[in-house]
Amino acid sequence: MKFKPCDCETPRYQRLARKWWMRALPGTVCYRCAKCRAHMLLRAEGTRSSASQVTLVVVGVLLTGVLVAYGVDYYDQLQEQRWQRWIDGDNW
Ligand SMILES: [Zn+2]
């Protein structure tokens, strides 16, 4: 997956359906080059989001994913501790 057009001299781009995480990047379109078969996530025509903005959004999505993963992990630990206390007899 690239974020800029491929290097083909006469690329033929086919528009693909975006995957779920690409929907988090507004104004982008997923293309595949029919010549080199490279997948690209490019700006849609007429939008003004720059590459750095796209990068920022990607970083944001990744950070959110990490935070959610940690949050779920923390919740699991809490549940585990509660369960452990229950086993240890606090609630018998
Ligand atoms: Zn190409």
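Every chain is numbered independently, its residues counted from 1 as its sequence is written. Per-residue local features of the predicted model are confined to residues with pLDDT of at least 70, and side-chain atom pairs are confined, for both listing and counting, to 80 or more; whole-chain, interface and lining totals are unaffected and use all residues.

## Some thoughts on the domain arrangement of the protein chain
Step number 1: The domain limits used here are those given by an automatic or database domain assignment. When cut into domains, the protein chain gives domain 1 (1-49) and domain 2 (50-92).
Step number 2: Spacing between the C-alpha centres of domain 1 and domain 2 amounts to 32 Å.
Step number 3: This entry defines residue contacts through backbone-placed C-beta atoms, with two residues in contact when those atoms are within 7 Å. Across the boundary between the two partners, domain 1 contributes six residues, which contact six residues of domain 2.
Step number 4: Charged residues are taken to be Asp, Glu, Lys and Arg, nonpolar residues to be Ala, Val, Leu, Ile, Met, Phe, Trp, Tyr, Cys and Pro, and polar residues to be all remaining types, Gly included. Partitioned by chemical class, the residues of the side of domain 1 that touches domain 2 number four nonpolar, two polar and no charged.

## Considerations on the pairing of strand β3 (residues 39-43)
Step number 1: Where strand β2 (residues 28-33) and β3 come together, five bridges link them in antiparallel fashion. Within β3, the position partnered with C30 by the bridge is L41.
Step number 2: Each pair of strands is called paired provided DSSP finds at least two bridges between the two strands. A run of H or I in DSSP becomes a helix once it reaches four residues, and a run of E becomes a strand once it reaches two; helices and strands are each numbered from the N terminus. What sits between the antiparallel neighbours β2 and β3 is a turn of five residues, in which R37 has the positive phi angle 65°.

## A closer look at helix α1 (residues 51-88)
Step number 1: Under the convention used throughout, the expected extent of a helix is 1.5 Å for every residue step, that is, one less than its residue count. Relative to the 56 Å expected for 38 residues at 1.5 Å per residue, α1 spans 55 Å between its end C-alpha atoms, a close match to the ideal helical length.
Step number 2: When you tally the buried positions in α1, you get zero out of 38 residues, a small fraction of the element.
Step number 3: Among the residues trailing α1, G89 stands out with phi positive, at a value near 110°. The exposure label follows from counting other C-beta atoms within 10 Å of a residue's C-beta, where the C-beta atoms are placed from the backbone and the thresholds are 20 or more for buried and 12 or fewer for exposed, leaving partly exposed in between.

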